[in-house]
Amino acid sequence: VNGESKRDFLYVEDLVELILKLVDLDFKFEVFNAGFGKSYSFNEIIKKCEKISKKKLDVVYKKDHSIFISDIICDITKVKNKTGWKPTTSIDKGLCNIIESELYNNNK
């Protein structure tokens, strides 16, 4: 892993909102993708975290010889069309929320 592989990140509150919506609807045995619909590299996420926290992160990449997929992005068209749901928390806002919460809890 070199930090350039990409993943689709979804803020937990957006996921909870989707789960609550699906529980209230009758979609037995259907499969839905849950994601933001956009992927970011690990290096992009690290840079965003450093910018928000104003701290340099000490990152170590370890080799993983399991099945490797370089870019994972969720197609959320089906879940949008069937439920009207779409994620509302951007990657920047989600990271800000998490980092600020962590900084606040560590300063208690």
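Higher on the page you've got the structure.
These remarks concern the structure in this document. All values derive from a computational prediction rather than experimental measurement. (Residues numbered from 1 in each chain as written. Predicted model: local features only at pLDDT ≥ 70, side-chain atom pairs only at ≥ 80, totals over all residues. Heavy atoms only, no water.)

### Some remarks on the overall build of the protein chain
Then, in step 1: Counting secondary structure elements, the protein chain contains four helices and two strands.
Then, in step 2: Going from the N terminus to the C terminus, the protein chain shows its helices and strands as β-α-β-α-α-α.
Then, in step 3: If you line up the protein chain on its principal axes, its C-alpha atoms span 45 × 40 × 20 Å.
Then, in step 4: Considering the protein chain as a whole, with its 108 residues, one finds that 25% of them fall into the buried category.
Then, in step 5: Counting only contacts in the protein chain whose residues sit at least 6 apart along the sequence, the fraction spanning at least 24 positions is 89%.
Then, in step 6: As displayed, the protein chain has an accessible area near 8100 Å², and 55% of this comes from carbon and sulfur atoms. (Helix = DSSP H or I, 4+ residues; strand = E, 2+ residues; numbered from the N terminus. Buried < 20%, exposed > 50% of the residue type's maximum accessible area, 1.4 Å probe, protein only. Contact = heavy atoms within 4.5 Å. Areas by Shrake-Rupley, 256 points an atom, 1.4 Å probe, with all protein chains shown as cover.)

### Points about the nonpolar core
Then, in step 1: Ranked by size, the top nonpolar core spans six residues in total: Y40, I45, C49, I91, L95 and I99.
Then, in step 2: Every element with two or more residues in this core is listed here: α2 (42–53) and α4 (91–106).
Then, in step 3: The leading source of residues in this core is α4, at three residues.
Then, in step 4: Those residues in contact with I99 that sit more than four places away from it in its chain are C49, I52 and S53.
Then, in step 5: Grouped together as the second largest cluster of nonpolar side chains are five residues, F32, I76, V79 and W85 included. (Core = buried A, V, L, I, M, F, W, Y, C linked by side-chain atoms within 4.5 Å.)

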